[in-house]
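# Close look at the chain arrangement
Each chain, letter by letter, is given below.
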Amino acid sequence: MKFRYKVLFTNLILLSLGLGLVGYLMIHKNFELAKQTQLKNAIVQNNLVQSSVEYELLQLLNSVSDNSETLNNNTDNNNAEKSSISASSIAAQLPQIGSRVSSSVHSSDSFFYIYFDGEKVYTDDKSDARISDTLFKNLTTGNKNYVIKEESQKHYVYVTSQSVIDEKNLCIVSKCDASEAYTLLDEQIKYFRLIIIVILIAESAAMYFISRYMTKPLEKLNHVSEEIAQGDYATRVNVKSHDEIGLLAQKFNIMAQAVSDHVDELNDMVHRREQFVADFTHEIKTPMTSIIGYADTMRSLELPREEQMMALGYIFSEGKRLESMSQKLFELIYLRRHDIEKARVHMADLCAEVVKVVEPAYENRHLTIETEIEDAVLTVNRELLVTALVNMMDNARKASEEGQQVEVTGKFVDNMACNIRKDKTDIGEDESADDRKCMRAYEICIIDHGIGMTKEQAERICDEFYMADKSRARKEGGAGIGMSLVAIILEHHNAVLSVESEPGCGTTMRILLPW
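Residues numbered from 1 in each chain as written. Predicted model: local features only at pLDDT ≥ 70, side-chain atom pairs only at ≥ 80, totals over all residues. Heavy atoms only, no water.

All right, on to the overall build of the protein chain then. Looking only at helices and strands, the protein chain has 11 helices and 12 strands in total. When the 515 residues of the protein chain are sorted by exposure, 35% land in the buried category. For the protein chain, long-range pairs separated by at least 24 residues make up 70% of all intrachain contacts whose partners lie at least 6 apart in sequence. As displayed, the protein chain has an accessible area near 31,700 Å², and 54% of this comes from carbon and sulfur atoms. (Helix = DSSP H or I, 4+ residues; strand = E, 2+ residues; numbered from the N terminus. Buried < 20%, exposed > 50% of the residue type's maximum accessible area, 1.4 Å probe, protein only. Contact = heavy atoms within 4.5 Å. Areas by Shrake-Rupley, 256 points an atom, 1.4 Å probe, with all protein chains shown as cover.)

Next up, the structure:
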């Protein structure tokens, strides 16, 4: 189920429950008020009938009292006879009294019953309904009992009151029609149902469009994610809202960019590996072809001593080149997978060692080395940094012509432009001694005045097996791995390598080491 439908149905359920609860409470309250009103009317009707009957009885008793005064009543037997006559006269006169009261308080929706000494003596209700015994339980003078009954699809309120006449109970039961309250209840329920249906339909339509509008960015996210899953990593979500969904879209775009960059890196790595394998195969094939060719010639032909020595010289030189290539490859692989140990080293001593290593090869080419080294103590790996500088000096030698000069300098420089500087986050913050220390770097420059390189060649100088001048490099015994090894070594030292070169004018290689 789509999220918009979940939102729609959830709102409908909550709205239905809320409206249902509110409607029930309101209808129940209105019904109770209407029922109380009907009960009050029934009590008023009962009081009216009771007072009318008592008034008629009072008139009867007064008339009996007046007639008794004309008789000669001097004995106790005569008194007892009079009492008996009074009780029977009351019972006999009650139907007539009830009839007179009915004619005076007659109403089409109310009736009453008269009970005397537990016997029903009068009613104006033609249905003559059976009176529940609960109306007479615990009934006392001055109090009233009531009950609501359903008869013939109508509701009636029965109210009972009691009086004592000549030590006998006179009960008046009034019956009033209370169907109006129940009719009002039914009408309110029907009307409320209609309102509920209309509200739910309107709310459903409104919530559908609202949820559709609110979930539209999520649909865009889903669509873009499907495109990315199919390989289109350049697709981005165009959501401009500033809520949580907009924030999610921004994070999604950042994630997509990271994925795209990672995929580009993986593709580049795959390409580099394929290129590495191709270059490695090519670089091995060339010396192996020479070795196999000269070895086969010496095996199959009887060569003069001079030609044998020349062939053996080629085999030896190509073998040494393979040995050098394998050694540098091993170092390259090792450095990519392992960390290095560092110690404090004097840079003047280190540069002197580098010059001493390369000096014999320079003398063979009649090249001179000019050094200007400012001493400093840096935390580096001495052996690896010597290896890197020897490789760079060897490249300078290969690029130079006989009789030229190669310059080596070492000095402190301001490193604000080399990304080694410690960042400042607070404007106006005072610089401590450590800050000033981090703002400096040690720069080593190797400058030759040889054949130089183009900008494109300089950008690829650290690629494996890349040689700007392949014929010249192979002639000098190079394999195109030296500068790759240099780049890895400098990366372990958090150093920055920059190359400035121009064809025919020479090359300047600059290393910035953090101090």
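Below, the discussion takes up the sheet that holds strand 9 (residues 405-414). Adjacent strands of a sheet form backbone hydrogen bonds with each other and so pair up, either parallel or antiparallel. Overall, mixed pairing links the five strands, which are arranged 7-9-10-12-11 in an open sheet. Whereas interior strands pair on both sides, the edge strands pair on one side only; in this sheet they are strand 7 (368-373) and strand 11 (496-502). Strand-to-strand twist across the sheet, computed as the mean angle between neighbouring axes with direction ignored, equals 15°. Sheet topology note: the strand 10 (residues 440-448)/strand 12 (residues 506-514) ladder contains eight bridges and is antiparallel. Bridge pairing links glutamate 443 to leucine 512 in strand 12. (Pairing = 2+ DSSP bridges. Axes fitted to C-alpha atoms, helices over the stretch in contact; angles between N-to-C directions.)

For aspartate 117, which is not glycine, the phi torsion reads 60° and is therefore positive. Examined against the element boundaries, aspartate 117 turns out to sit in the loop between strand 1 (110-116) and strand 2 (119-123).

What follows concerns helix 6 (residues 347-364). Taking 1.5 Å per residue as the helical rise, helix 6 with its 18 residues ought to reach 26 Å, and the 26 Å between its terminal C-alpha atoms agrees with that figure. When helix 6 is considered as a whole, its buried residues turn out to be Met347, Leu350, Cys351, Val354, Val355, Val358 and Tyr362. (Expected span 1.5 Å × (residues − 1).)

Another aspect to go through is the nonpolar core. Counting 37 residues, the largest nonpolar core has Met347 and Leu389 as its most contacted members. Of all the elements in the fold, those that place two or more residues in this core are helix 6, strand 8 (377-380), helix 7 (382-399), strand 9, strand 10, helix 11 (482-492) and strand 12. Of the residues forming this core, the biggest block, eight residues, is contributed by helix 7. (Core = buried A, V, L, I, M, F, W, Y, C linked by side-chain atoms within 4.5 Å.)

Attention now goes to helix 11. By the criterion of burial, helix 11 is predominantly enclosed, with eight of the 11 residues buried. Turning to helix 11, its buried residues number three or more, namely Gly482, Met483, Ser484, Leu485, Val486, Ile488, Ile489 and Leu490. Looking one or two residues past helix 11, asparagine 494 carries a phi angle of roughly 55°, positive in sign.

With that out of the way, let us pick up the packing of helix 7 against helix 11. Where helix 7 meets helix 11, the axes come as close as 9 Å, and the angle between the chain directions of the two elements is 145°. The chirality of how helix 7 crosses helix 11 is left-handed. Here Leu384, Leu385, Thr387, Ala388, Asn391, Met392 and Asn395 of helix 7 come into contact with helix 11, specifically with Gly482, Met483, Leu485, Val486, Ile489 and Leu490. Taken together, the residues of the contact of helix 7 with helix 11 break down into nine nonpolar, four polar and no charged. (Left-handed = near helix turned anticlockwise from the far one by under 90°. Nonpolar A, V, L, I, M, F, W, Y, C, P; charged D, E, K, R; others polar.)

With that settled, consider the sheet that holds strand 3 (residues 144-151). Reading across from one edge, 2-1-5-4-3 is the order of the five strands in this open sheet, with antiparallel pairing throughout. Looking at which strands have only one partner, the edges of the open sheet turn out to be strand 2 and strand 3. Put simply, the sheet's adjacent strands are angled 25° from each other on average, direction ignored. Where strand 1 lies against strand 5 (residues 168-177), seven bridges are found, and the strand directions are antiparallel. Residue pairing across strands places tyrosine 115 opposite cysteine 171, the latter belonging to strand 5.

Take methionine 26: it is sitting in helix 1 (residues 3-68). Exposure remark for methionine 26: the relative accessible area of 51% places this residue in the exposed category. With 162 residues separating them along the chain, methionine 26 and glutamine 188 place their C-alpha atoms 9.7 Å apart.

Considering all chains together, one arrives at 12 salt bridges under this definition. The residue aspartate 125 makes a salt bridge to lysine 175 at a minimum N-O spacing of 2.8 Å. With aspartate 125 in the loop between strand 2 and strand 3 and lysine 175 in strand 5, the pair connects residues that are 50 residues apart, well separated along the chain. Here aspartate 125 and lysine 175 have matching classes, each one buried. (Salt bridge = Lys/Arg side-chain N within 4 Å of Asp/Glu carboxyl O.)

Another point: the environment of isoleucine 189. In this structure, isoleucine 189 sits in helix 3 (residues 179-229). A residue is classified by how much of its surface remains accessible, and isoleucine 189, at 28% relative accessible area, is partly exposed. Expressed as a C-alpha distance, the spacing of isoleucine 189 and glycine 23, which sit 166 residues apart in the sequence, is 8.6 Å.

Among the nine residues that make up strand 10, eight are buried, leaving the element largely enclosed by the rest of the structure. For strand 9 and strand 10, the ladder comprises eight bridges, and the chain directions are antiparallel. From the neighbouring strand, phenylalanine 412 faces strand 10, where its bridge partner is tyrosine 442.

For asparagine 381, the location among the structural elements is in the loop between strand 8 and helix 7. Here leucine 384 takes part through its backbone nitrogen, which lies 3.0 Å from a polar atom of the side chain of asparagine 381. The residues touching asparagine 381, leaving out its near neighbours within four places in the chain, are Ile340, Glu341, Lys342 and His493. (Polar contact = N/O pair within 3.5 Å; in protein donor to acceptor, adjacent residues only side chain to side chain.)

This part is about the packing of aromatic side chains. Overall, the coordinates contain six aromatic pairs when judged by the stated rule. Each ring, one from tyrosine 208 and one from phenylalanine 209, has its centre 5.5 Å from the other, and the planes form 80°; the classification is edge-to-face. In this structure tyrosine 208 comes out as partly exposed when scored by relative accessible area, which is 26%. A residue is classified by how much of its surface remains accessible, and phenylalanine 209, at 57% relative accessible area, is exposed. (Phe/Tyr/Trp six-rings, centres within 6.5 Å; stacked < 30°, edge-to-face > 60°.)

A grouping of Lys2, Arg212, Lys216, Lys220 and Lys240 is seen on the molecular surface, where their side chains present a positively charged patch. Topologically, lysine 216 is positioned in helix 3. (Patch = residues over 30% accessible without salt bridge, like charges linked within 9 Å, V, L, I, M, F, W, Y side chains within 5 Å. Lys, Arg positive; Asp, Glu negative; His and termini not counted. Charge placed at Lys NZ, Arg CZ, Asp CG, Glu CD.)

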